[in-house]
Amino acid sequence: MITGLMFRDSIISAANNLANSRQAVDALNIFPVPDGDTGTNMSMTIGAAAKEMAALPDDCTIEEASARCASALLRGARGNSGVILSLIFRGFSKGFKGLKEAGAKDIANAFKEGVDAAYKAVMKPTEGTILTVVREAKDAACEMAKIQDDPLEVAFAALQAGKEALAKTPELLPVLKKAGVVDAGGQGLILVFEGMESVWHNGVIVQALDGSSVKPVDISKKTVADASDDIEFGYCSEFLIEKSDSAKEKDALKLRAYLESIGDCVVVVDDSDIIKVHVHSNEPGNVIQAALKYGQLINIKIDNMRYQHANAELGVSEGEKVIEPTVLQPENDYGFVSVCAGDGITELFTDIGADVVVSGGQTMNPSTDDIYSAVMNTPAKTVFVLPNNKNIIMAAEQVIPLVSDRKVIVLQTKTIPQGIAAMLAFEYDASPEDNQMTMLTAAESVETSQVTFAARDSEVDGEAVHEGQIMGLCNGKIKFLGDDKVEIAYKTIIRLFKSSMHSLITIIYGEGVTEEDALELETKLKKKLGDDVDISIVNGGQPIYYFINSVE
C-alpha cells in the first residue's frame, strides 16, 4: 500500500529530482523567443508543494497529503506547464479522497482523475505533449490494475509507459522531430514521476545537487516560534545575475543602494561576470526588475517568509489551513488586475484604471497565488484580470474557483497592447458580461509587433536563428531577423500595416533602447506612411522586449 508518508516524501523527492534537471528541461524549448521556460516553471510549481509536504507529520493519510499537495501546486502554478502539472495532481487528490492508504486500483483511479482534470482544462489538446505522456501512463496503470494488486507495480507500469510515450512525442509533433528533442513538459513530468518512484520502490528521497533539498520537519523536536512575531520584510529573494555585455561596467553598488532602500539583509557580491544577490523585501517583483537591468537571472529563489513561518505552526495543528493574503472588501462595482513588467507600462496601466499590477510577463510568469492575492486586494465585486501573456492565461484562470466573495473574469489578453485596448474599451455603466465581450473585441482588434533577442539557436521556417540575434514578431510569429533593433521594429510595423487598414501606432520602448532610438523609428514610419498616421511613444521600461508596438 502507498501511505501518506510515502506520498509526502515522494513529492519532496520529485521536486528535488526536477530541480536537478531544470536547465536541461529548459533547453528542450525549441522556440527561440525568451519565455517562462518549462523546466523552471514546473520546478517552481512542484517546489511549492514540496515545502508544504515538509510540514506534514509522519502519520498523515494519503488523502491529507495529496490534498495538501494539490492545494500548494494550484497556488504555486506558473506557466501553462505548471498549471497542467497542478491539474494532474488535483486529479490524484480526487482519486485518493477518503483513503488512508492507496492500493493498486486506487493508483489507477488517481491517474484517471488526473488525466481527466488536465484534458478538461485545455481547450484544444495537442498530442505529443505532457498530455500524451500522462494519458499513456494512465492507460498502462489501468491495465496493470486489472491483473495486479500491488500498487507499486501499477505505478511502475505507468512510469514505463510514460517514458515510452515521451520518446514518441517527436513522431506526433513534427517541430520536435525537426529539432531532435522530446516535449519539454512531458520530460518534466517523467522527472517528477521518477522522483516519486525512488521513494515508493527504494525508500530513497532524491537529494538536490546544490544541497538545498527540502527535508521533512521533525514535528516531535520542533519548537514553534510565536506566530504573531512581526516580520517587517516578508519575501526572501536570492538569485545570480549573469552580466550582459552592456552591464559589464555598471556599478553594482547602485543595485545594492536600491535594494537597501526597499528591504534589509542585503547582500550584493559582484565579480567580472556574476552578481550574487540576497535581499528581504516586500516587493520581490521590483527586486527582479531592478536586477534585470544588469543581465539575465539564474537560480531564482523567492520565499514568502511570513507564509512559511505561519504554516510551520499550521502544519502541526491545523492541517489544510493556509495563510490568506490581504483582503479588501468588494465595495466597488468593478476592479482590474493587470500583469506586466516595466515601470512605464506599470504606470500606464495604473493611469488607465488598474487597481493592482502584478509584476511579471515573459520569463517572469507569476503564480496563481500571485494573481489570487492581487484579486483579493482589489476592492471590487467584479474583478477583470488581464494576463497580457499567453503563458499566464491558464494560471490566471485557476484563480476563478478559489474566489467566492467576488466575480473574477479573466480576459485572454496575450500582449500588453491587447490589455491596454481592453481596459480603454471598458464602460462603467455596462454589465460584466457586456464589458467582457466589448473588451475582448477591442483586444482582438489590436495587432502587436515585438522586437526581442533569440534566447537560443533554433530554426524558423527553414531559416537558422542564432542566439542573440534580433527578432521581429508580428502577432506572435517570427517574421524578421537582423542586427538593428530600430530597423527590425520598422519592418514589423510596416508589415502589420499591409495586413489591414490602420491609423494609430503606439511604440513602447524598453530596456536596451533609448528615446533617440524610438524617435528614429517614428521618423522612419512617418516618412513611409505620411503624417496622417498618429504615432504615440511610451517609455515602458520593460525587460526582454526592446520594442512592443501596436497598430490600430
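It should be noted that the structure appears before, not after, this text.
Residues numbered from 1 in each chain as written. Predicted model: local features only at pLDDT ≥ 70, side-chain atom pairs only at ≥ 80, totals over all residues. Heavy atoms only, no water.

A.B. asks: Run through the overall build of the chain, naming residues and quoting values.
C.D. replies: Tallying secondary structure elements over the chain gives 20 helices and 18 strands in all. For 552 residues, the compact-globule estimate of 2.2 N^0.38 gives 24 Å, and the C-alpha radius of gyration of the chain, at 24 Å, lies within 12% of that figure. C-alpha atoms of the chain, sized along the principal axes, occupy 75 × 55 × 55 Å. Of all 552 residues assigned to the chain, the portion counted as buried reaches 54%. Contacts in the chain between residues at least 24 apart in sequence constitute 72% of all its contacts with a sequence separation of at least 6. Summed over all atoms, the accessible surface of the chain reaches about 24,200 Å², with 50% contributed by carbon and sulfur. Positive and negative side-chain charges of the chain, numbering 50 and 81 respectively, have mean locations separated by a distance of 4 Å. (Helix = DSSP H or I, 4+ residues; strand = E, 2+ residues; numbered from the N terminus. Rg over C-alpha atoms; globule rule 2.2 N^0.38 Å. Buried < 20%, exposed > 50% of the residue type's maximum accessible area, 1.4 Å probe, protein only. Contact = heavy atoms within 4.5 Å. Areas by Shrake-Rupley, 256 points an atom, 1.4 Å probe, with all protein chains shown as cover. Lys, Arg positive; Asp, Glu negative; His and termini not counted. Charge placed at Lys NZ, Arg CZ, Asp CG, Glu CD.)

A.B. asks: Go over the pairing of strand 16 (residues 504–509), please, and point to the residues and values.
C.D. replies: Most of strand 16 is tucked away, with five of its six residues classed as buried. Where strand 16 meets strand 17 (residues 534–539), six bridges bridge the pair, whose relative direction is parallel. Paired with Ile-507 across the bridge in strand 17 is Ile-537. Running through helix 20 (residues 515–529), the crossover from strand 16 to the neighbouring parallel element strand 17 is right-handed. The pairing of strand 16 with strand 18 (residues 547–551) spans five bridges and is antiparallel. Within strand 18, the position partnered with Thr-506 by the bridge is Ser-550. (Pairing = 2+ DSSP bridges. Right-handed = clockwise from strand over helix to strand, strands pointing away.)

A.B. asks: Explain helix 14 (residues 343–351) to me, and be specific about the residues and the numbers.
C.D. replies: Buried residues of helix 14: Gly-344, Ile-345 and Phe-349, and no others. End-on, the buried residues of helix 14 take up no more than an arc of 135°, which puts them together on one face. For helix 14, the exposed residues set more than 90 degrees away from the buried face come down to Asp-343 and Asp-351. Buried-residue contacts for helix 14 involve strand 7 (332–340), strand 8 (356–359), helix 17 (416–424), strand 16, strand 17 and strand 18. (Arc of directions from axis to C-beta.)

A.B. asks: Account for the sheet that holds strand 16, with residues named and values stated.
C.D. replies: Taken in spatial order, the six strands of this open sheet run 15-14-11-18-16-17, and their pairing is mixed. Each having just a single partner strand, strand 15 (477–482) and strand 17 make up the two edges of the open sheet. Adjacent strand axes in the sheet meet at a mean angle of 20° when their direction is disregarded. By the bridge criterion, five bridges tie strand 14 (residues 470–474) to strand 15 in an arrangement that is antiparallel. Across the sheet, residue Leu-473 finds its bridge partner in strand 15, namely Ile-478. Helix 17 rests against strand 11 (447–453), strand 16 and strand 18 of the sheet, and its axis sits at about 45° to strand 18. (Axes fitted to C-alpha atoms, helices over the stretch in contact; angles between N-to-C directions.)

A.B. asks: Before we move on, can you summarise the environment of Ser-43 with the specific residues and values?
C.D. replies: Positionally, Ser-43 belongs in helix 3 (residues 38–54). When the C-alpha positions of Ser-43 and Asn-388 are compared, they lie 23 Å apart, and in sequence the two are 345 residues distant. Apart from residues lying up to four places away in sequence, Ser-43 is in contact with Leu-18, Ala-19 and Arg-22.

A.B. asks: A description of the sheet that holds strand 10 (residues 407–410) should follow, citing residues and the corresponding values.
C.D. replies: On the basis of which strands lie adjacent, the open sheet formed by four strands has the order 8-7-9-10 and parallel pairing. The sheet terminates laterally at strand 8 and strand 10, the two strands that pair on one side only. Each neighbouring strand pair of the sheet contributes to a mean axis angle of 20°, computed without reference to strand direction. Direction of pairing for strand 7 relative to strand 8: parallel, over a ladder of four bridges. Across the sheet, Cys-340 pairs through a bridge with Ser-359, a residue of strand 8. The sheet contacts of helix 14 involve strand 7 and strand 8, and relative to strand 7 the element is tilted by about 165°. Of the strands in this sheet, strand 7, strand 9 (380–386) and strand 10 are in contact with helix 18 (residues 432–444), which crosses strand 9 at around 15°.

A.B. asks: Kindly report on the packing of helix 3 against helix 5 (residues 79–95), identifying the contributing residues and their values.
C.D. replies: Where helix 3 meets helix 5, the axes come as close as 7 Å, and the angle between the chain directions of the two elements is 40°. On the basis of their axis angle, the class for helix 3 and helix 5 is oblique. Note on packing geometry: the crossing formed by helix 3 with helix 5 is right-handed. Across the interface between the two elements, Thr-38, Asn-41, Met-42, Thr-45 and Ile-46 from helix 3 touch Gly-79, Ser-81, Gly-82 and Leu-85 from helix 5. (Parallel < 35°, antiparallel > 145°, perpendicular 65-115°, else oblique. Left-handed = near helix turned anticlockwise from the far one by under 90°.)

A.B. asks: I'd like a rundown of the nonpolar core, residues and numbers included.
C.D. replies: Ranked by internal contacts, the top residues of the largest apolar core, which has 71 residues, are Phe-7 and Phe-89. Membership of the second largest hydrophobic core comes to 27 residues, among which are Leu-386, Phe-426, Met-439 and Met-471. (Core = buried A, V, L, I, M, F, W, Y, C linked by side-chain atoms within 4.5 Å.)

A.B. asks: Which residues make up unusual backbone geometry, and what values go with them?
C.D. replies: Comment: phi is negative for the bulk of residues other than glycine, and the bulk of peptide bonds are trans. Even without glycine at this site, Asn-388 takes up a positive phi of about 60°. By the secondary structure assignment, Asn-388 is in the loop between strand 9 and helix 16 (393–397). Unusually for a residue other than glycine, Asn-475 sits at a positive phi of about 50°. Considering the arrangement of structural elements, one finds Asn-475 in the loop between strand 14 and strand 15.

A.B. asks: Tell me what's going on with the environment of Lys-479, and back it up with residues and numbers.
C.D. replies: Relative to the assigned elements, Lys-479 resides in strand 15. Sequence-wise, Lys-479 and Arg-495 are 16 residues apart; in three dimensions their C-alpha atoms are separated by 9.1 Å. Here Lys-479 is in contact with Gly-472, Cys-474 and Arg-495, once residues within four sequence places are set aside.

A.B. asks: Would you mind going over the pattern of salt bridges in detail, with residue names and values included?
C.D. replies: According to the stated counting rule, one finds 18 salt bridges in the structure shown. Arg-68 is paired through a salt bridge with Glu-52; the nearest N and O atoms lie 2.6 Å apart. Placement of Arg-68 in helix 4 (residues 62–76) and of Glu-52 in helix 3 is noted, with a sequence separation of 16 residues between them. By the burial criterion, Arg-68 is buried, and Glu-52 matches it. (Salt bridge = Lys/Arg side-chain N within 4 Å of Asp/Glu carboxyl O.)

A.B. asks: Could you give me a rundown of the packing of aromatic side chains, with the residues and numbers involved?
C.D. replies: Enumeration over the complete set of coordinates arrives at twelve aromatic pairs. With 5.9 Å between their ring centres and 25° between their planes, Tyr-334 and Phe-384 make a pair best called stacked. You can see Tyr-334 sitting in strand 7 and its partner Phe-384 sitting in strand 9, a full 50 residues away along the chain. Looking at Tyr-334, the relative accessible area reads 11%, which means it is buried. Residues Phe-384 and Phe-426 carry aromatic rings whose centres are separated by 6.2 Å and whose planes lie at 65° to one another, so their mutual orientation is edge-to-face. Remark: Phe-426 occurs in the loop between helix 17 and helix 18 and Phe-384 occurs in strand 9; sequence separation between them is 42 residues. For Phe-426, a relative accessible area of 17% gives the class buried. Pairwise contacts between aromatic rings join Tyr-334, Phe-336, Phe-384, Phe-426 and Tyr-428 into one cluster. The ring of Tyr-546 has Lys-485 lying over it, and the distance from NZ or CZ to the ring centre is 4.9 Å. Lying over the aromatic face of Tyr-490, Lys-524 brings its terminal NZ or CZ to 4.7 Å of the ring centre. (Phe/Tyr/Trp six-rings, centres within 6.5 Å; stacked < 30°, edge-to-face > 60°. Lys NZ or Arg CZ within 6 Å of the ring centre and 35° of its normal.)

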